[in-house]
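Architecture at a glance
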Amino acid sequence: MSNWIINQGLSAFILVVWMGINIFLFVYFYLFYDLGPQFEYTRELLGSALPWARAPAAVLNFNCMLILLPVCRNLLSLLRGSFICCGRTMRKQLDKNLTFHKLVAYMIALMTAVHTIAHLLNAEWYTNSFQGRYGPLATKLSMLGDSRELNTTYLNPVRSNSTTPTILVFTTIAGLTGVVITLALILMITSSMEVIRRSYFEVFWYTHHLFIVFFAGLVFHGAGRIVRSQQVTDPPHNNSLCENQLENWGETADCPVPQFAGGFPQTWMWVIGPMIIYLCERLLRFIRYMQPVSYRKIVIRPSKVLELQLVKPGFKMQVGQYVFLNCPAISQLEWHPFTMTSAPEEDFFSVHIRLVGDWTEKLIKMVENLPEGGQGPKMAVDGPFGTASEDVFDYEVSMLVGAGIGVTPFASILKSIWYKFKDSDPKLRTKKIYFYWLCRETYAFEWFADLLQVLEKDMEERGMRDFLTYKLYLTGWDQSHVNHSLVHFATATDIITGLKQKTSYGRPNWDREFEQVQQENPSSVVGTFLCGPQALAKDLEKKCVKYSDVDPRKTKFYFNKENF
């Protein structure tokens, strides 16, 4: 439990606070509408469906306020670099922005379902009350007022026997906007499923922009003021006395005709702030879109990986950061995230793009068809944005784990280390780096093998062979690979990479690796960084918990994962 608290304590606390606020809002507004005297006559028409509709609405307001903030990437980058979030543990929470975004979305989906079902029941019960199916009091209340335009005496929005629940839903502001909001939400959630997002990213990208329709409908949803409460009158209307004297309403001073009014719409007040912040984000993206970007170099790497070296005036980056790229020749609306593989010390920034999906396929085909010495297609760049890998130099010891193209942030880190040693940077706190690279294909190692060769040679010349320990694993192999390796086992360098460190076949034994790091660094704080699949993330996170010690004099592991 103590080890778990080291890695997950603050995340769990934030989750508990968020859930606690949701529960408080639900319970508070449920009791408010279920017990409030101003809604006594409203409950006569709607019964328990009234609080079941209004309590989720309060929770929805709170979560709709939150849903945009985790995707305001410039805001998160600003917070990450500010004094407010200077602590390592707090910065880690910012790296879980998409996880929190999904949690908030799940809560919105759940509360929308409850809210919608309750209001569909309300539409049915409004209709039945007007038709006199629920007794004389409900009938009397439904007949109050001549029209909705008076906005005074009426309680039931149904004004005709010909009005059905369906007509009520599609002829009121609340009903129409509710249908639009719900449809937009269903499309956004279904297109966000992992299988669709990875295989049909364009579907995810375009349907997710229905959030504009969602928020527009949300702002106007309460404008119809369809749920109404009883107003204070002079003389007052005594419900307990007058509910049994229906014939005396308006005839005696003790029982004046009750007055009703819809509540002031509040949703817009919850969401206006995040909407403005997000609008500023998109405005900043447009400004960056208009800034010129030029190509320094274009390289087609093995396994259909495209390396772009780009130059943009005034562009500054840190290790491990990522950018969003847009190619107008492919789509003016699509932006895709890519981790930068260059170092901050270089006069350009580079990205490695693997062929996955339609967008990358079209881009690689366009580059392959370029004439000799030709410039690539126009490219727009938004960013850079901060990630967990920015903190790598804040740890005394770092474990870097990359899977396939997930090696990209660590290429940036390793390049930066080379420059820091070259310039004898006195600010470098890191004393030891363990680098693990897992690839399915032998060709993939060629992406950055030259970088590792330079580092390997440089560390030897400086007498710092122990500073960088790297291990390469080929996870996709057959017996022919093994046989070939055995034949050349005595050679000084690896037959796949040309490095002195031989490539291992299979997957790492993480227990053994963590034990080795723990033994070699008995009193260090170790940052474990991953850019790879979720299954590997869960495994490494468990190992960090398992091998961390709450004793401050012993080794502690902190898990960090790249999230886009």
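The structure displayed is predicted, hence computed values, not measured ones.

**Describing the UniProt feature "transmembrane region" (unreviewed entry) in the chain**
In the numbering used here, UniProt assigns the "transmembrane region" (unreviewed entry) feature to residues 12–33, 53–79, 100–121, 167–191 and 203–223. Secondary structure across residues 100–121 divides into 100% helix and 0% strand, with the first and last C-alpha atoms of the span separated by 32 Å. Span residues 167–191 is 88% helix and 0% strand, its end C-alpha atoms 30 Å apart.

**Re the packing of aromatic side chains**
Per the counting criterion, the structure on display carries 28 aromatic pairs. Measuring from ring centre to ring centre gives 6.4 Å for tyrosine 28 and phenylalanine 32, while their planes differ by 10°; the resulting arrangement is stacked. With tyrosine 28 and phenylalanine 32 both in helix H1 (residues 2–35) and four residues apart, this pair spans about one turn of that helix. On the basis of relative accessible area, tyrosine 28 is assigned to the partly exposed category, the value being 44%.

**Points about helix H12 (residues 211–221)**
Each α-helix winds once per 3.6 residues, and so residues spaced three or four apart point in a common direction. Inspection of H12 places Phe211, Phe214, Phe215, Gly217 and Leu218 among the buried residues, and these make up the whole buried set. End-on view of H12: buried residues confined to an arc of 165°, all on one side of the axis. The exposed set on the far side of H12, more than 90 degrees from its buried face, consists of Ile212 and Phe220. Contacts made by the buried residues of H12 are with helix H3 (49–66), helix H6 (97–130), helix H9 (173–190), helix H11 (201–208) and helix H14 (267–290).

**A few points about the sheet that holds strand E14 (residues 556–561)**
The strand order across the open sheet formed by six strands is E12-E11-E10-E9-E13-E14, and the pairing between neighbours is parallel. The sheet is open, and its two borders are formed by strand E12 (504–505) and E14, each paired with just one other strand. As judged from the two bridges shared by strand E11 (residues 468–474) and E12, these two strands associate in the parallel manner. The residue bridging leucine 474 from the neighbouring strand is tyrosine 505, located in E12. Most of the contacts of helix H20 (residues 534–547) go to E14, to which it runs at about 160°, and overall it touches strand E9 (397–403), strand E13 (525–531) and E14.

Definitions and cut-offs
Residues numbered from 1 in each chain as written. Predicted model: local features only at pLDDT ≥ 70, side-chain atom pairs only at ≥ 80, totals over all residues. Heavy atoms only, no water. UniProt positions renumbered as here; feature names shortened; annotations may be inferred. Helix = DSSP H or I, 4+ residues; strand = E, 2+ residues; numbered from the N terminus. Phe/Tyr/Trp six-rings, centres within 6.5 Å; stacked < 30°, edge-to-face > 60°. Buried < 20%, exposed > 50% of the residue type's maximum accessible area, 1.4 Å probe, protein only. Arc of directions from axis to C-beta. Contact = heavy atoms within 4.5 Å. Pairing = 2+ DSSP bridges. Axes fitted to C-alpha atoms, helices over the stretch in contact; angles between N-to-C directions.

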